[in-house]
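Chain and residue survey
Given next are the chains, with one letter for each unit.
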Amino acid sequence: MKIVFAISEVEDLVKTGGLADVGKALPLALQAAGHEVSIFLPYYKTIAQQHNLPEACPAQTLFTESKVYHFTLRHMEWRGVNVYFVDYPEYFDRDGLYNSAYEAYGDNGERFAFFSGAVLHALQSLNQQPDIIHCHDWHSAMLPFLLKQDPSGYFANTKSVFTIHNAAFQGVHRLEDIPFLRHHPSILNQVHGGYINYLQSAIECADKITTVSPNYATELLTNLGSHGLHDRLVQRAGDLSGILNGCDYSQWNPMTDGYIPAHFNADDLSGKAECKANLQKRSNLPKEPGVPVFGMVCRLTEQKGFGYLVPILDRLMQHKLQMVIIGTGDPSVCQDLGEFAEQHPDKFAFINGFSTEHAHLIEAGSDFFLMPSQFEPCGLNQMYSLAYGTVPIVRGVGGLKDTVIDAEQNPLDATGFVFFEPTPDALLNCIRRALLAYHECSTRFREMQQRGMGTRFTWETAATAYLSLYESMHA
Ligand SMILES: Nc1ncnc2c1ncn2[C@@H]1O[C@H](COP(=O)(O)OP(=O)(O)O[C@H]2O[C@H](CO)[C@@H](O)[C@H](O)[C@H]2O)[C@@H](O)[C@H]1O
């Protein structure tokens with residue numbers, strides 16, 4: 001099949017979060033399965049600074065009634081996949097992808113509506129008629145609408161798939177602020193009270209909707225878990241499915257990981273002990289092999305459960321443990337964690353930054369990994385943790401519920417610790433259960449680590465599920 005990805009992040013090229021992991025691994029898995037995949041990305045400043053890319057075709061011009069857009073389409077062959085970049089400096093030559101200093105750019109609606117339209121325009125210039133255009137999150141969420149309303153008939157055999165990686169980010173923008181869509185002849189159906197909700201538009205217009213775990217798909221159909229989109233999602237329930245993300249074991253493998261100081265496997269964890277010592281050293285924590293280290297790597301947002309974690313930090317520090325957190329995001333979470341690190345330099349380290357190398361070291365050197373998320377469409381770090389013998393402590397929501405088996409509920413198959421109540425105390429009790437297992441039952445703890453290391457969530461499995469969905473649309 002000919003498959004096009006319209007996406008805003010691809011790991012190795014540009015990344016702020018988990019979307020990028022999928023933007024890399026899924027196209028590569030589809031390509032490896034024998035299909036022709038191309039990826040369309042905005043030509044962000046960070047990409048332009050690193051790669052001086054040639055033009056893929058003559059200069060592009062896109063007309064709308066409000067504005068004429070002259071843009072360049074650039075091309076790179078990357079791991080056997082054609083990647084095309086929409087180069088429009090006015091919108092993408094900026095320091096941030098979506099925001100500057102945690103404040104969203106005021107014209108994000110216009111920037112990404114244009115990106116979606118530019119992808120369709122560029123496909124015609126390239127003479128490509130894909131079987132599937134696969135869009136991801138609000139950034140390319142207007143593409144299914146534009147595709148459906150395309151008057152040219154050029155895309156008559158092209159179907160759209162829209163994947164929800166995070167339904168909390170919906171992209172709600174005032175029509176008045178979106179020159180690209182303002183005069184579109186069919187736009188008024190998408191406008192409610194003067195605003196367009198991009199995610200809602202994709203839910204209504206895409207041929208199929210997927211999300212990144214079966215459990216999050218179920219949650220999206222409930223009032224509580226749908227982030228306000230319950231009615232629309234229920235209407236499309238027959239076209240909605242959950243396909244679990246995979247773990248890229250070529251990147252996340254403790255036997256080969258190039259970022260960590262020592263390698264290890266399930267039979268010999270001595271290299272993990274070395275990684276732990278190195279992590280403690282780099283985090284300015286005392287080198288104490290018997291003290292459990294709790295790691296966390298994430299965007300600093302409410303979603304990731306800081307509302308449960310921050311209130312119990314004082315009580316946690318009464319236990320014999322260490323904690324290392326790396327993340328960027330919400331300034332108030334940064335401030336809380338930074339102040340706490342200053343007060344507890346022997347037990348708590350906080351790195352306010354984005355570092356892939358450090359993320360790998362935390363995965364390898366920690367004993368436990370914390371993901372107490374409010375909600376979690378899939379979650380990737382719990383899969384990475386399992387692969388590294390780092391026992392995940394998670395809230396049983398979304399994909400976390402699909403991937404971690406709790407020690408108490410299912411002792412024989414256990415791979416981690418799961419709590420459900422959305423409260424700080426529930427998290428504290430869960431961490432205490434984990435501490436007990438670590439200190440008092442080292443055999444059980446070791447078995448849990450080994451079981452996790454043997455668990456496999458492959459991208460091949462995910463790609464097979466996406467392919468059968470794509471094929472069903474052309475049957
Ligand atoms: N400071 C930092 N330094 C280095 N690396 C960092 C980092 N902060 C985050 N990362 C990395 O970014 C990725 C985060 O992935 P997640 O799936 O946990 O989160 P995210 O919420 O961004 O993604 C959304 O999309 C993904 C993909 O579908 C879903 O799994 C998820 O549930 C959904 O919220 C991981 O690879 C992690 O290591």
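Residues numbered from 1 in each chain as written. Predicted model: local features only at pLDDT ≥ 70, side-chain atom pairs only at ≥ 80, totals over all residues.

Under an unreviewed UniProt entry, the protein has the name Glycogen synthase and belongs to Marisediminitalea aggregata. Per UniProt, the comment on the protein under Function (unreviewed entry) is "Synthesizes alpha-1,4-glucan chains using ADP-glucose." The UniProt entry for the protein carries this comment under Pathway (unreviewed entry): "Glycan biosynthesis; glycogen biosynthesis." (UniProt positions renumbered as here; feature names shortened; annotations may be inferred.)

**Overview of the environment of A426**
By the secondary structure assignment, A426 is in helix α17 (residues 424-440). As for A426 and E363, which are separated by 63 residues in sequence, their C-alpha atoms are 24 Å apart. Apart from the residues lying within four places of it in its own chain, the contact partners of A426 are F419, F420 and E421. (Helix = DSSP H or I, 4+ residues; strand = E, 2+ residues; numbered from the N terminus. Contact = placed C-beta atoms within 7 Å.)

**Some words on the site of the ligand**
Around the ligand, a shell composed of 25 residues is seen, among which G17, G18, H165, A359 and C378 lie nearest. At the level of secondary structure, the elements contributing two or more residues to the shell around the ligand comprise α1 (18-32), β15 (293-300), β16 (322-329) and α14 (356-365). Class assignment for the residues of the shell around the ligand results in 11 nonpolar, 11 polar and 3 charged. In terms of domain composition, the shell around the ligand takes at least three residues from each of domain 1 (2-246 + 459-473) and domain 2 (270-454). (Near = placed C-beta within 6 Å. Nonpolar A, V, L, I, M, F, W, Y, C, P; charged D, E, K, R; others polar. Domains from an automatic or database assignment.)

**Digging into the sheet that holds β16**
Read across the open sheet, the 6 strands follow the order β17-β16-β15-β18-β19-β20; overall the sheet is parallel. Two strands in the sheet have a free side with no partner beyond their single neighbour: β17 (348-352) and β20 (417-419). With direction set aside, neighbouring strand axes in the sheet form an average angle of 15°. Bridge count for strand β19 (residues 391-395) against β20 is 3 bridges, and the pairing is parallel. In the sheet register, V394 faces β20, and the bridge partner there is V418. Taken strand by strand, helix α13 (residues 331-343) contacts β15, β16 and β17, and its axis lies near 140° from that of β17. (Pairing = 2+ DSSP bridges. Axes fitted to C-alpha atoms, helices over the stretch in contact; angles between N-to-C directions.)

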